[in-house]
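Here's the letter readout for the chains.
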Amino acid sequence: MSGSWTAPPPVVSLLLLVGLTAAVAGVAAAGGAKPLTPGGRVVHHNHGRFAAGPWKPAHATFYGGRDGSGTTAGACGYKDTAAEGYGVQTVALSTVLFADGAACGGCYEVRCVDSPQGCKAGAPPVTVTATNLCPPNYEQSGDSGGWCNPPREHFDLTMPAFLQIAQEKAGIVPISYRRVPCTKQGGIRYTITGTKYFNLVMVTNVGGAGDVTAVSVKGDDRVKWTELKRNWGQVWQAAEDLTGESLTFRVMTSDHRKATSWHVLPKNWQFGVTYQASKNF
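Given the structure is predicted, the values throughout are model-derived calculations rather than measurements. (Residues numbered from 1 in each chain as written. Predicted model: local features only at pLDDT ≥ 70, side-chain atom pairs only at ≥ 80, totals over all residues. Heavy atoms only, no water.)

## Thoughts on the overall build of the protein chain
Argument step 1. Helices and strands together make up the secondary structure of the protein chain, namely 3 helices and 15 strands.
Argument step 2. Contacts spanning at least 24 positions in sequence make up 69% of the contacts within the protein chain whose residues lie at least 6 apart. (Helix = DSSP H or I, 4+ residues; strand = E, 2+ residues; numbered from the N terminus. Contact = heavy atoms within 4.5 Å.)

## Brief notes about the state of the cysteines
Argument step 1. Within the structure shown, the criterion is met by 4 disulfides.
Argument step 2. Here Cys 76 engages in a disulfide with Cys 104; their sulfurs sit 2.0 Å apart. In this structure the cystine formed by Cys 76 and Cys 104 twists about its S-S bond by roughly -85°; its chirality is therefore left-handed. Taken together, the positions of Cys 76 in the loop between β1 (56-63) and β2 (90-93) and Cys 104 in the loop between α2 (95-98) and β3 (107-112) put the pair 28 residues apart, joining distant regions of the chain.
Argument step 3. On the basis of relative accessibility, which here comes to 0%, the residue Cys 76 falls in the buried class.
Argument step 4. The residue that forms a disulfide with Cys 107 is Cys 182, at a sulfur-sulfur distance of 2.1 Å. Taking the torsion about the sulfur-sulfur bond, which here is approximately 120°, the covalent link between Cys 107 and Cys 182 counts as right-handed. Within this pair, whereas Cys 107 is found in strand β3, its partner Cys 182 is found in the loop between β6 (173-180) and β7 (189-195), the two being separated by 75 residues in sequence.
Argument step 5. Judged by relative accessible area, which is 3%, Cys 107 ranks as buried.
Argument step 6. Here the disulfide map of the protein chain reads 1-2, 3-8, 4-5, 6-7, the bonded cysteines being numbered as they appear in the sequence. (Disulfide = S-S within 2.5 Å. Buried < 20%, exposed > 50% of the residue type's maximum accessible area, 1.4 Å probe, protein only.)

## As for the sheet that holds strand β14 (residues 258-265)
Through backbone hydrogen bonds, the strands of a sheet pair up, either in parallel or in antiparallel fashion.
Argument step 1. Pairing within the open sheet is antiparallel, and its 4 strands lie in the order β10-β9-β13-β14. The open sheet has two free edges, formed respectively by β10 (226-227) and β14, since each of these has just one partner strand.
Argument step 2. Relative to strand β13 (residues 247-253), strand β9 (residues 212-218) is paired through 6 bridges, and the arrangement is antiparallel. Its bridge partner being in β13, Lys 218 is matched across the sheet by Thr 248. (Pairing = 2+ DSSP bridges.)

## Re the sheet that holds strand β12 (residues 235-238)
Argument step 1. Spatially, the 5 strands line up as an open sheet ordered β11-β12-β8-β7-β15, and their pairing is antiparallel. Only two strands of the sheet have a single neighbouring strand rather than two, namely β11 (229-232) and β15 (274-276). With direction set aside, neighbouring strand axes in the sheet form an average angle of 35°.
Argument step 2. Pairing between β7 and β15: 3 bridges, direction antiparallel. Opposite Tyr 190, over in β15, you have Tyr 275 as the bridge partner. (Axes fitted to C-alpha atoms, helices over the stretch in contact; angles between N-to-C directions.)

## Let's talk about the side chain of Thr 204
Argument step 1. Its location among the elements puts Thr 204 in strand β8 (residues 198-204).
Argument step 2. Setting aside its immediate chain neighbours within four residues, Thr 204 contacts Tyr 78, Tyr 86, Ile 188 and Arg 189.

Spatial relationships are all this shows, so hold off on functional conclusions.
Structure representation (structure tokens):
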């Protein structure tokens with residue numbers, strides 16, 4: 001009938017839809033808006049691997065014994081960093097850097113600078129993993145004993161790590177630091193403790209960015225994808241019965257990259273036992 005609108009063929013409709021979608025995306029990009037998935041989530045492009053960041057200034061001290069004793073546990077929830085693959089090349093971060101445990105597992109390259117008397121001449125940077133918190137000391141000022149008081153960025157290194165770059169007698173030295181990729185042997189490790197209806201999942205041996213920002217779990221039967229909540233440090237909690245299920249975990253690090261450990265825990269998994277995935281970041 002003259003004057004009436006006739007629907008175009010399906011193929012034409014599809015082309016029109018694609019064109020419209022591209023136009024909308026172009027407008028969003030031109031306006032500075034981030035592209036979204038059909039579900040409304042921001043699209044993250046995670047190609048490549050975690051790259052080292054820029055160098056930043058800070059200061060470093062040391063704690064524990066010469067063999068790293070007194071440093072293998074702490075605020076990140078790790079029970080024994082030496083046994084869990086982190087060794088004693090670790091650091092307790094000041095409050096600002098620790099970020100309520102979000103920094104746990106991240107790796108840093110640290111070099112001593114601008115202190116001829118305190119730095120070891122020609123010493124290469126040391127790479128350490130964040131495994132603990134250096135708590136503030138508000139009874140002392142930030143430049144006289146309260147090294148870890150906000151807003152200071154401070155590294156309290158284990159003694160073995162500190163002695164690789166600085167003299168023990170120096171006590172505190174100026175440093176430069178930067179985030180670097182974590183290089184780990186083997187896959188991501190998972191240990192569940194707690195009870196049947198209150199599971200605490202420790203995630204360790206994470207490569208790439210190293211610092212876990214989200215964890216989800218899925219069983220092979222009744223347990224659907226469930227997001228865990230950070231309990232403290234790198235200990236994540238799930239208030240759901242996970243027993244009797246072969247469990248798959250999905251871990252996301254601070255750079256938005258994700259790793260899925262399919263069926264890493266068998267149906268007969270046990271509390272307190274560590275299970276290792278076949279892959280890492």
